[in-house]
Amino acid sequence: ARTMNHQHYHTRPTHNPTTSNQQLSTMESKPNHLPLEGDYKLIKMEDKNGEQIPLPSDFSMHILHDEKMALNQYRIALKIGNTLGGMLTLDAPDDTSKKMPAKIGPLMSTMMMPPPEIFHVEQCASKIVPSMQELSYSGSELIFHGTEGTLRFEKR
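All values reported here derive from a predicted model rather than from experimental measurement.

**Side note on the environment of Met132**
Locating Met132 in the fold gives a position in strand 7 (residues 132-138). As a C-alpha pair, Met132 and Gly105 span 27 residues in sequence and 9.4 Å in three-dimensional space. Met132 has contacts with Leu88, Ala102, Lys103, Ile104, Phe144, His145 and Gly146, leaving out every residue within four places of it along the chain.

Shown next as C-alpha cells:
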C-alpha cells in the first residue's frame, strides 16, 4: 500500500480534453486572470501616511501561477531580508479601470535576522502586504494598495 500511495502522488492525472475546453472557456470569460507571472523589482514603498520608506537595497518579488490554482490566484514571494510568501487572490474589477480588489494571505516568512536597515523595510512590508485591498497595474508597473501603505513594483 505504501508503494501505491507513493506512485499515486507522483503520477499526473490523465489529460481530459473536455476539462481542458471547460477551463479554456472559463479563462476567456474571466477578466481577472492577468499575466502577472514573472519577476519584479520593488521601486517604492510608502506607509499609510504617504511617507516614503527608504529602500537601501534591491528587493525583488516573484509571482507564479500554475494550472493547479484557480485562475484568479497567484503565489508571491517577496524577498527583502527574509522571503515573505503567500497566495494573492484577485476579484474582478468593478469598472474598466486597471484597479481591482485583491488580498494576500496567509502570509508566511523565513525567520532570519537581516541587517537593521533592511529589517526596518521588512517590518513595514510585513504590515503593508497583508493589508492589501487593491492591486493596480499599468505597463510594467504593479502596485499593491493596502490600509497600511503602498508597494510599487516594476517588472524586470
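There's more to say after this.
**What to know about the pairing of strand 3 (residues 73-79)**
Burial of strand 3 is one-sided: the residues Tyr74, Ile76 and Leu78 facing one way are buried, the residues Gln73, Arg75, Ala77 and Lys79 facing the other way are not. Where strand 2 (residues 60-64) meets strand 3, five bridges bridge the pair, whose relative direction is antiparallel. From the neighbouring strand, Ile63 faces strand 3, where its bridge partner is Ile76. Sheet topology places strand 3 next to strand 4 (residues 83-90); seven bridges connect them, and they run antiparallel.

**Some details on the pairing of strand 9 (residues 149-155)**
Judged from the seven bridges that link them, strand 1 (residues 38-47) and strand 9 form a sheet pairing that is antiparallel. Within the sheet, the bridge partner assigned to Lys41 lies in strand 9 and is Glu154. In this structure, strand 8 (residues 141-146) lies alongside strand 9, joined through six bridges in antiparallel fashion. Residue pairing across strands places His145 opposite Thr150, the latter belonging to strand 9. With antiparallel pairing between neighbouring strands as the criterion, strand 8 and strand 9 make up a hairpin whose turn holds two residues.

**Some details on the environment of Leu88**
Examined against the element boundaries, Leu88 turns out to sit in strand 4. Residue classification places Leu88 among the buried positions, given a relative accessible area of 0%. Spatially, the C-alpha atoms of Leu88 and Leu107 are 9.8 Å apart, while their sequence positions differ by 19 residues.

**Digging into the confidence of the model for the protein chain**
Taken residue by residue, the protein chain gives an average pLDDT of 81. The fraction at 70 or more is 76%. Contacts of residues 1-32 to residues separated by more than four positions or lying in other chains number 13 contacts, the stretch itself having pLDDT below 50.

Cut-off values and rules
Residues numbered from 1 in each chain as written. Predicted model: local features only at pLDDT ≥ 70, side-chain atom pairs only at ≥ 80, totals over all residues. Heavy atoms only, no water. Helix = DSSP H or I, 4+ residues; strand = E, 2+ residues; numbered from the N terminus. Contact = heavy atoms within 4.5 Å. Buried < 20%, exposed > 50% of the residue type's maximum accessible area, 1.4 Å probe, protein only. Pairing = 2+ DSSP bridges. pLDDT = per-residue confidence, 0-100.

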